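# Observations on the model geometry
Spelled out, the chains give:
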Amino acid sequence: MCGIVGYIGNNLCKSYILKGLERLEYRGYDSAGFACLDTDTYRINHQKAEGQLINLINKLSDQAIDSHLGIGHTRWATHGKISEENAHPQLSCHKKVAVVHNGIIENHLDIRSNLEAKGHTFLSQTDSEVVAHLGEIISNKTTKDDVINIVTSLQGAYACLLMSSDCPETLIAIRKGSPLCIGLGHEQIIVASDPFAFAGQTNQVLFLPDQSFALISKNIVEVYDFSGHTLDVPISQVDITWQDDEKLGYKHIMLKEIYEQKNAIQATLSNCKQLDLTLWDQLGLTAQRVENLRSLALIGCGTSWHAGRIAQFFFEMICKVPTRVVLASEFRYAPFFHEENTLYCGISQSGETADTLECLRLLNTLDVPTMALTNVESSTMVRETGGFLLTKAGQEIAVASTKAFSTQLVALYWLAHRIALQKKYITMESMDRAHDDLLITAEILENSIEHYRIVIEEKLAPYYAQFKRFIFLGRHIGYPFAMEAALKLKEISYIFSQCYPAGELKHGPIALLDNDTPVILFSSLDERVYPKILSNAQEVKARNAHLVAFVFEGQDELQQLADCVFVFPKVHPLLAPLAMTGLMQYWVYSIANVLGCAIDKPRNLAKSVTVE
Ligand code: M6R
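Rules and cut-offs
- Residues numbered from 1 in each chain as written.
- Predicted model: local features only at pLDDT ≥ 70, side-chain atom pairs only at ≥ 80, totals over all residues.
- Heavy atoms only, no water.
- Near = heavy atom within 4 Å.
- Polar contact = N/O pair within 3.5 Å; in protein donor to acceptor, adjacent residues only side chain to side chain.
- Areas by Shrake-Rupley, 256 points an atom, 1.4 Å probe, with all protein chains shown as cover.
- Helix = DSSP H or I, 4+ residues; strand = E, 2+ residues; numbered from the N terminus.
- Nonpolar A, V, L, I, M, F, W, Y, C, P; charged D, E, K, R; others polar.
- Buried < 20%, exposed > 50% of the residue type's maximum accessible area, 1.4 Å probe, protein only.
- Contact = heavy atoms within 4.5 Å.
- Pairing = 2+ DSSP bridges.
- Axes fitted to C-alpha atoms, helices over the stretch in contact; angles between N-to-C directions.
- Salt bridge = Lys/Arg side-chain N within 4 Å of Asp/Glu carboxyl O.
- Core = buried A, V, L, I, M, F, W, Y, C linked by side-chain atoms within 4.5 Å.

## A short note on the site of the ligand
The full set close to the ligand counts 14 residues, and Ser304, Ser348, Ser350, Thr353 and Glu491 are the nearest of them. Within the backbone of Thr303, an N or O atom sits 3.1 Å from an oxygen atom of the ligand. Here an oxygen atom of the ligand sits 2.6 Å away from a polar atom, N or O, in the side chain of Ser348. When the ligand is considered free in solution it has 410 Å² of accessible area, and contact with the protein chains removes 90% of it. Broken down by secondary-structure element, the contributors of at least two residues to the shell around the ligand are helix 10 (302-318) and helix 16 (478-493). Residues belonging to the shell around the ligand are distributed by class as follows: 4 nonpolar, 8 polar and 2 charged.

As structure tokens, this is what we get:
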């Protein structure tokens, strides 16, 4: 994880780097740091601060350090505790070289002990510091061979930026695994983990290929592979905008994003519809391939995995394609059995999550069809998979995923129908109905928040914020949705939340029920499932536990059993989770708000997880 930014050009590196770091803070906010070259003394000046970027900005505000060459970093700690020594930039002996790094140097202990034996002194516990010490070979005559020397020593996945006081006109960028891109401006170049860092400054972007490095001066970028061959990398035009006024009057970005869902769903749906003629092409498929599709594998992490788990019901019930949903971090190292006519789809808001990306890369080497469902068009997954489908949630900034989740459900529901149409399992009329059902459900998602907003804010959130643990239950399509609700609560409120399939309660977890552990139950509109949910609710009440139920109109018995109910208008049974999404998120958000948690940047987390 971590966000890195580098600048070479005019004497403005501080402002460009801090602006870039602000936009990359979603990648980690344990500490931040900045270094630049003082061209009078030819020394590297640096400053670091624990905690969020604002602490660094405050420290730098009264310091006149700036120059034509600099680097910056925002950290998500992997090796070494959160402290100023472990913040980046990391420096070599005598502070000749400064490095910012995103990734993990797996053999750092070996390198470190070799260097220590040669007299190098290490000041941090990070794996990254070794790169700074290895960088001491950089001189004013630095060539690609010096960089090859450095990368030959390194194992792991990394994106690094190096600057040396001996080589004042060059910024060195190295990429293996972790992302790195170069924004080409007029007489200035900005390098960053993600093009958001320089959105608005330039849209001319050179995406550094995997296992390559660049020697960058003010006007020239030379790119080489790790064997030293020159690479001719095309310049892409990336039109992305950055919304600076993030909260737009809401107390938290997460709250704003909860309220953006209706529009995001409409935008996602119209994007899907617009694609109709080019859809299979964009997905890297053909109509024939879709007709022959025999199975699907959905791959993701966290919330995206939950969306996949819900979508499994869409694909199996609507287009009758057997579907398995795998956690990317587990799939990557499990045995792989090739199945003909299987499509592998990575689901990822960011399109950068290392676990998911590495699975897709592995699948690409096996020559099986891959696609990505992602929210970021400029992401690595879009570039590296056989095809892609975009959710149009707009920039999702809060660490807890909200609108990305609902738009993933929408895109996957629509795709399941589109495949069913291609296979001639449904008519165009059903396809149109699915579209309308999604729009109706989006209305319900938003209206239900408004309906319960005041009672949640004034009464329910303060009451539930007193509890130290919760149990979440769901069945069928409601089970992965309950997992998502439990994840959301633990992520932003730090309250222990455990989720079980409701039917499993009696097989063990029921022993946990007591007066201090509220049970949150999500109902179903499936006629076979609802009676079973009702029995599970009765089991909970028979043990005197406190029951909160998310139910649908007409489910009177369940409503009467529960201590607290949220009632939703009926929707298509497969869209029950989508209907309940907004209110579930708002309820969880409100509890965390009462507790005064850092909702948009919860402790220990980062928005984009770019290490395995
Ligand atoms: O960008 P991705 O969708 O690949 O991210 C996957 C997870 O890291 C992410 O969904 C995470 O679980 C969220 N913070 C949940 O709110």
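## Notes on the side chain of Arg112
For Arg112, the position within the fold is in helix 3 (residues 108-117). The class for Arg112 is buried, based on a relative accessible area of 17%. Among the polar contacts listed, one links the side chain of Arg112 to the backbone oxygen of Ser124, at a separation of 2.9 Å. Not counting residues within four places of it along the chain, the set of residues in contact with Arg112 comprises Phe122, Ser124, Gln125, Thr126 and Val130.

## Examining the sheet that holds strand 2 (residues 31-38)
Strand order in the open sheet formed by 8 strands is 3-2-4-1-10-9-11-14, and the pairing between neighbours is antiparallel. Looking along the sheet, the strands with just one partner apiece sit at the ends: strand 3 (43-50) and strand 14 (236-237). Relative to strand 4 (residues 69-75), strand 2 runs antiparallel, the two sharing 6 bridges. For Ser31, the partnering residue across the bridge sits in strand 4 and is Arg75. Together, strand 1 (3-8), strand 2, strand 4 and strand 10 (189-192) form the strand contacts of helix 1 (residues 13-24), whose direction differs from that of strand 1 by roughly 160°.

## Things to note about the pattern of salt bridges
Tallied over the entire structure, the rule returns 19 salt bridges. Note that Arg332 and Glu358 form a salt bridge whose closest N and O atoms lie 3.8 Å from each other. Taken together, the residues Arg332 in the loop between helix 11 (328-331) and strand 17 (342-348) and Glu358 in helix 12 (residues 354-365) connect sequence positions 26 residues apart. Its relative accessible area of 17% is what places Glu358 among the buried residues. Note that Lys541 and Asp563 form a salt bridge whose closest N and O atoms lie 2.8 Å from each other. With Lys541 in helix 17 (residues 530-542) and Asp563 in the loop between helix 18 (556-561) and strand 24 (564-568), the pair connects residues that are 22 residues apart, well separated along the chain. Classification of Asp563 as partly exposed rests on a relative accessible area of 42%. Counted as one network, the salt bridges with shared partners bring together Arg332, Glu358, Arg361 and Glu384.

## Quick look at the nonpolar core
Ranked by internal contacts, the top residues of the largest apolar core, which has 103 residues, are Phe472 and Phe566. Residues in contact with Phe566, not counting those within four places in the same chain, are Tyr452, Ile456, Leu460, Val548, Ala549, Phe550, Val551, Leu583 and Trp587.

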